[in-house]
Amino acid sequence: MQIALGADLRFATKDCKLSIMESRWGLIPDMSASVTLRELVRSDVAKELAMTGRIISGEEGERLGLVTRCAEDPMVEAMKVAKEIVERSPDSVAATKVMFNTTWVADEETCLKKETDLQLRLIKTYNQIAASGRQFGVSLPYFRRQDWDMK
């Protein structure tokens, strides 16, 4: 489960089995679970799952926020979403990831500053103009994305 928790998006079947099983061996969750779980579920849910090692379905995982989406064929669904993402400006996709990864647990002032800084870097760039043009039926190719650091 912990490897999947590190992904940006997680797809599963409704009946797949998920668990944080370390407690069964007298251990605590590792592999960044202390970070990834707190970003996805409430504290009491993380504690219950980690302390009991209870096996849950993909459907329950989706309700709890551990799974992004359940589908009959998770790989097909993941590829569908990936195709939607690659149709967007590579700069806005990268900047969105930077924004959420760097501000998820930050205070509001830090979040708004980061959002503004990233938006100002995007506005009037070729890829931003190309994305806008696509909304009006003008199909311009995207250029290689900018280097987006995680600062």
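Our structure's up above, just so we're on the same page.
As a starting point, this report considers the structure included with it. A quick note: this is a predicted structure, and the numbers were derived from the prediction, not measured.

### Section: the overall build of the protein chain
Then comes step 1: Check the secondary structure of the protein chain and you find eight helices and four strands.
Then comes step 2: For 151 residues, the compact-globule estimate of 2.2 N^0.38 gives 15 Å, and the protein chain exceeds it by more than 25% at 19 Å.
Then comes step 3: When the backbone C-alpha atoms are referred to their principal axes, the protein chain occupies close to 55 × 40 × 20 Å.
Then comes step 4: Among the 151 residues that make up the protein chain, the fraction classed as buried is 30%.
Then comes step 5: Look at the contacts in the protein chain between residues 6 or more apart in sequence, and 64% of them connect residues 24 or more apart.

### What about helix α7 (residues 108-122)?
Then comes step 1: The terminal C-alpha atoms of α7, which comprises 15 residues, lie 21 Å apart, in line with the 21 Å expected from a rise of 1.5 Å per residue.
Then comes step 2: If you check which residues of α7 are buried, you get Lys114, Leu118 and Leu122. The arc that holds every buried residue of α7, seen down its axis, measures 75 degrees, which confines them to one face. Looking at α7, the residues exposed on the side facing more than 90 degrees away from the buried face are Glu108, Glu109, Leu112, Lys113 and Leu120.
Then comes step 3: Against the buried residues of α7 lie α6 (90-103) and α8 (126-134).
Then comes step 4: Note on α7: the residue one or two positions beyond its end, Lys124, has a positive phi of about 70 degrees.

### Overview of the packing of aromatic side chains
Then comes step 1: Scanning the model with the defined rule gives two aromatic pairs in all.
Then comes step 2: Relative to Trp104, the ring of Phe100 has its centre 5.8 Å away and its plane inclined at 75 degrees; by these criteria the two rings are edge-to-face.
Then comes step 3: Ring geometry for Tyr126 against Phe143: centres 4.1 Å apart, planes inclined by 15 degrees, an arrangement best described as stacked. Within this pair, whereas Tyr126 is found in helix α8, its partner Phe143 is found in the segment after α8, the two being separated by 17 residues in sequence.

### Things to note about the side chain of Glu77
Then comes step 1: By secondary structure assignment, the location of Glu77 is in helix α5 (residues 74-86).
Then comes step 2: Residue Glu77 is classed as buried on the basis of its relative accessible area of 13%.
Then comes step 3: Polar side-chain contacts of Glu77 include one of 2.6 Å to the side chain of Arg69.
Then comes step 4: Ignoring sequence-local partners within four residues, the contact set of Glu77 consists of Phe11, Arg69 and Ala71.

### A word on a nonpolar patch on the surface
Then comes step 1: Where nonpolar side chains cluster on the molecular surface, the patch consists of Leu9, Ile85 and Val93 and spans about 200 Å² of accessible area.
Then comes step 2: Inspection of the secondary structure assignment puts Ile85 in helix α5.
Then comes step 3: Ile85 sits in the partly exposed class, given a relative accessible area of 36%.

### Here we look at the environment of Leu18
Then comes step 1: Within the fold, Leu18 resides in strand β2 (residues 17-18).
Then comes step 2: Each C-alpha atom, one on Leu18 and one on Glu59, is 10 Å from the other, the two residues being 41 residues apart in sequence.
Then comes step 3: Look past the residues within four positions of Leu18 in its chain and what remains in contact with it is Met1, Arg54, Ile55, Ile56, Ser57, Gly58, Gly61 and Val67.

### As for the environment of Arg10
Then comes step 1: Its location among the elements puts Arg10 in the loop between α1 (2-5) and β1 (11-12).
Then comes step 2: You can call Arg10 buried: its relative accessible area is 10%.
Then comes step 3: Contact partners of Arg10, with chain neighbours within four places excluded, come to Ala4, Leu5, Leu40, Gly65, Leu66, Val67, Thr68 and Arg69.
Then comes step 4: At a separation of 2.9 Å, a polar atom in the side chain of Arg10 contacts the main-chain carbonyl oxygen of Ala7.

Each value, and the rule that gives it
Residues numbered from 1 in each chain as written. Predicted model: local features only at pLDDT ≥ 70, side-chain atom pairs only at ≥ 80, totals over all residues. Heavy atoms only, no water. Helix = DSSP H or I, 4+ residues; strand = E, 2+ residues; numbered from the N terminus. Rg over C-alpha atoms; globule rule 2.2 N^0.38 Å. Buried < 20%, exposed > 50% of the residue type's maximum accessible area, 1.4 Å probe, protein only. Contact = heavy atoms within 4.5 Å. Expected span 1.5 Å × (residues − 1). Arc of directions from axis to C-beta. Phe/Tyr/Trp six-rings, centres within 6.5 Å; stacked < 30°, edge-to-face > 60°. Polar contact = N/O pair within 3.5 Å; in protein donor to acceptor, adjacent residues only side chain to side chain. Patch = residues over 30% accessible without salt bridge, like charges linked within 9 Å, V, L, I, M, F, W, Y side chains within 5 Å. Areas by Shrake-Rupley, 256 points an atom, 1.4 Å probe, with all protein chains shown as cover. Salt bridge = Lys/Arg side-chain N within 4 Å of Asp/Glu carboxyl O.

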